[in-house]
Amino acid sequence: MNHLFGEIRSHMPAADTLFIETSAGLKLSYGQMMSATARYANALVGLGVKPGDRVAVQLEKSPAGLFIYLACVRAGAIYLPLNTAYTLNELDYFIGDAEPAVVICDPAKHAGIAELGARHGVKAVVTHGTGMDGTLFDLAAAAAPDFADVARGPDDLAAILYTSGTTGRSKGAMMSHENLASNARVLVDYWRFTGKDVLLHALPIFHTHGLFVATNVILFAGASMLFLPKFDADEVFRLLPKATAMMGVPTFYFRMLQDERLTPEATKHMRLFISGSAPLLEETHREFERKTGLRILERYGMTETNMLTSNPYDGERVAGTVGFPLPGVTLRVVNPETGEKLATEEIGMIEVSGPNVFKGYWRMPEKTKSEFRPDGYLITGDIGKIDAKGYVSIVGRGKDLVITGGYNVYPKEIEVEIDQLPGVVESAVIGVPHPDFGEGVTAVVVAKKGAQIDEKAVLGALDGKLAKFKQPKRVFFLDDLPRNTMGKVQKNILREQYKAIYS
């Protein structure tokens, strides 16, 4: 049996039940999903994909993107989603590291990615647009509409998601069939999803939030989705009356709050608004409740674990916290130096264990070993505390991670690019509060004396080298960066110095 898809099958409603409705009005049933995923699985096998092979995918959001993910699961392949903003420079690393058997990309990007594929020995680089176009679509259209699912066990890999590191080298988080299935199983129950639910899906599907949390929960509930290419306020408010639930990032809710259409009447049919991927401001919580009468449910997760904690469905949703550890998840706060468990309200490193915790980093055994305690707990890198009622709060982040618009940005990757520019001595990249994106990526640069370099020059030089969401929104210049006695740059001082620039 195929562990993950077998469980999806066990929850599947009648074949004519609606699975996806797009913003353009296209309606696709569960039966159509089954035949489409079978066709794509047959097409992938025809391209030479074998169980355990990686399939790298960089596609604009469409139902086909989900079908390809499910086809990979059915074929026993390992699905590797890539952010659509990644440049060829960035893709070169991912393709070289993961060594996928097949790469699937947008037709407009085929030429450049095919070159990378040839260099790295990829069997085939095929294309798929957002409609019925592309070489993979043609292969799938000609393939059989049924497929014998490849047997995969709980510990077999279902996906690899790359997450950057402070050294600048991205790490491939290996997610097993049971990692994904266990989390979906728990969330369906914890958030009370049923076959009657309709999820407003405006998230990207190259990210764990939109792909595994949103999609797998709907599949395990036998529910349906209103599938938007991206967050668009007009489309969200147009489709909201058809929905019962929405998953979003803080940016979504901030933008909804600026809209006069956000009223109790507009949301009266909604039973649940969920927020994650970045901290939600307490002010946003309060204002959303004032305007709608509904409290947003905030949760906490990681690429390496999917969801870890959640505010309760029934009970108090406390602004500024991420709720309780989910059933099956054990969470503790420890002294980061000694590993000693800390008392209630004491701030330290968050560590977790559970069936949702990943299998390690792709081809990085030493890094994997360093991220786990001897007793199997994952060191999350997040700083937090647990209060007397058991609510978990994230009070800071290790490794200087910046979360902007729900995307993780690791400063080192940007600093390396800036430091290479003529006239630059060094740089420090930080995240500071931003009303729309949660945090704004901000660069602080030390220039050589007399160098002719300014903010415009730095931003211009980064354009095209890094994905747009990684590029600084502002660049500032200092004579020297603040350092401690060990010579380490004190980014906390910089964050304090520039904390009000976007307010």
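Predicted model, so just to flag it, every value in this text is computed and none were measured.

**Here we look at the overall build of the chain**
Then step 1. Helix and strand counts for the chain stand at 15 helices and 24 strands.
Then step 2. The globule rule puts the C-alpha radius of gyration for 503 residues at 23 Å, and the 23 Å found for the chain is close to it.
Then step 3. Dimensions along the principal axes, computed over C-alpha positions, put the chain at roughly 65 × 55 × 50 Å.
Then step 4. Counting only residues that meet the buried cut, the chain has 57% of its 503 residues in that class.
Then step 5. By sequence separation, contacts in the chain at least 24 residues apart represent 68% of the contacts at least 6 residues apart.

**A short note on the sheet that holds strand S22 (residues 424-434)**
In a beta sheet, neighbouring strands are held together by backbone hydrogen bonds and run either parallel or antiparallel to one another.
Then step 1. One open sheet accounts for three strands, arranged S22-S23-S24; its pairing is mixed. Both edges of this open sheet fall to S22 and strand S24 (474-477), since each of them pairs with a single strand only. Across the sheet, the axes of successive neighbouring strands diverge by a mean angle of 25°, strand direction being ignored.
Then step 2. Pairing geometry for strand S23 (residues 438-447) and S24, over four bridges, is parallel. Paired with valine 444 across the two strands is phenylalanine 476, which belongs to S24.
Then step 3. Sheet strands in contact with helix H13 (residues 411-419) are S22 and S23, and its direction is about 145° off that of S22.

**A short note on the side chain of asparagine 306**
Then step 1. For asparagine 306, the position within the fold is in strand S14 (residues 306-310).
Then step 2. Residue classification places asparagine 306 among the buried residues on the basis of a relative accessible area of 1%.
Then step 3. Here threonine 208 takes part through its side chain, which lies 2.4 Å from a polar atom of the side chain of asparagine 306.
Then step 4. Sequence-distant contacts of asparagine 306, that is, excluding residues within four places in its chain, are made with Met175, Asn179, Leu180, Asn183, Thr208, Phe212, Val213 and Gly301.

**Describing the packing of aromatic side chains**
Geometrically, a pair of aromatic rings is defined through the distance of the ring centres and the angle of the planes.
Then step 1. Tallied over the entire structure, the rule returns 17 aromatic pairs.
Then step 2. Between the aromatic rings of tyrosine 407 and phenylalanine 469, the centroid separation amounts to 4.7 Å while the plane-to-plane angle is 45°, which identifies the pairing as tilted. Remark: phenylalanine 469 occurs in the loop between helix H14 (455-462) and S24 and tyrosine 407 occurs in strand S21 (residues 407-409); sequence separation between them is 62 residues.
Then step 3. Tyrosine 407 gets classed as partly exposed once you look at its relative accessible area, which sits at 21%.
Then step 4. For phenylalanine 469, a relative accessible area of 14% translates into the label buried.
Then step 5. Put simply, the rings of Tyr86, Tyr93, Phe94 and Tyr162 pair up and form one aromatic cluster.
Then step 6. Sitting above the plane of the phenylalanine 193 ring, arginine 271 keeps its charged end 4.7 Å from the centroid.

**A closer look at the sheet that holds strand S12 (residues 272-275)**
Then step 1. What the nine strands build is an open sheet, ordered S2-S1-S10-S9-S11-S12-S13-S14-S15; its pairing is mixed. The sheet is open, and its two borders are formed by strand S2 (27-29) and strand S15 (324-325), each paired with just one other strand.
Then step 2. Where strand S9 (residues 198-201) meets strand S11 (residues 245-248), three bridges bridge the pair, whose relative direction is parallel. Paired with histidine 201 across the two strands is methionine 247, which belongs to S11.
Then step 3. Sheet strands in contact with helix H7 (residues 177-190) are S14 and S15, and its direction is about 35° off that of S14.

**Overview of the pattern of salt bridges**
Should the charged atoms of two oppositely charged side chains come close, the side chains can pair.
Then step 1. The final tally for this structure, using the stated rule, is 32 salt bridges.
Then step 2. Of the charged contacts, one joins aspartate 314 and arginine 192 as a salt bridge, the two residues approaching to 2.7 Å between their closest N and O atoms. Taken together, the positions of aspartate 314 in the loop between S14 and S15 and arginine 192 in the loop between H7 and S9 put the pair 122 residues apart, joining distant regions of the chain.
Then step 3. Judged by its relative accessible area of 39%, arginine 192 falls in the partly exposed class.
Then step 4. Glutamate 426 is the partner of arginine 483 in a salt bridge, and the nearest nitrogen-oxygen pair spans 2.7 Å.

**As for the nonpolar core**
Then step 1. Among the nonpolar cores identified, the biggest contains 113 residues, and Ile104, Trp191, Phe193, Met247 and Met256 are the most heavily contacted of them.
Then step 2. When residues in this core are grouped by element, the largest group, ten residues, is from helix H3 (residues 63-75).
Then step 3. Residue contacts for methionine 256: discarding those within four places in its chain leaves Phe231, Val236, Phe237, Leu240, Met246, Leu262 and Phe273.
Then step 4. Counting residues in each nonpolar core, the second largest holds 37 residues, with Ala56, Trp362, Val445 and Phe469 among its members.

**Looking at the side chain of glutamate 371**
Then step 1. Along the chain, the position of glutamate 371 falls in the loop between helix H12 (365-370) and strand S18 (378-386).
Then step 2. Residue glutamate 371 is classed as buried on the basis of its relative accessible area of 7%.
Then step 3. One polar contact links glutamate 371 to lysine 367, side chain to side chain, over a distance of 2.9 Å.

**Points about the state of the cysteines**
Then step 1. In the structure shown here, the tally under the stated rule is zero disulfides.
Then step 2. Counting only cysteine sulfurs, cysteine 105 is the nearest neighbor of cysteine 72, a cysteine outside any disulfide, at a range of 14 Å.
Then step 3. By relative accessible area, cysteine 72 is classed as buried at 0%.
Then step 4. Assessed through its relative accessible area of 0%, cysteine 105 is described here as buried.

**Digging into unusual backbone geometry**
Then step 1. Here glutamate 99, not a glycine, exhibits a phi torsion of approximately 50°, which is positive.
Then step 2. Summarising the element assignment, glutamate 99 is placed in the loop between helix H4 (88-98) and strand S5 (102-105).
Then step 3. Overall, glutamate 99 belongs to the partly exposed group, its relative accessible area being 40%.

What counts and what doesn't
Residues numbered from 1 in each chain as written. Predicted model: local features only at pLDDT ≥ 70, side-chain atom pairs only at ≥ 80, totals over all residues. Heavy atoms only, no water. Helix = DSSP H or I, 4+ residues; strand = E, 2+ residues; numbered from the N terminus. Rg over C-alpha atoms; globule rule 2.2 N^0.38 Å. Buried < 20%, exposed > 50% of the residue type's maximum accessible area, 1.4 Å probe, protein only. Contact = heavy atoms within 4.5 Å. Pairing = 2+ DSSP bridges. Axes fitted to C-alpha atoms, helices over the stretch in contact; angles between N-to-C directions. Polar contact = N/O pair within 3.5 Å; in protein donor to acceptor, adjacent residues only side chain to side chain. Phe/Tyr/Trp six-rings, centres within 6.5 Å; stacked < 30°, edge-to-face > 60°. Lys NZ or Arg CZ within 6 Å of the ring centre and 35° of its normal. Salt bridge = Lys/Arg side-chain N within 4 Å of Asp/Glu carboxyl O. Core = buried A, V, L, I, M, F, W, Y, C linked by side-chain atoms within 4.5 Å. Disulfide = S-S within 2.5 Å.

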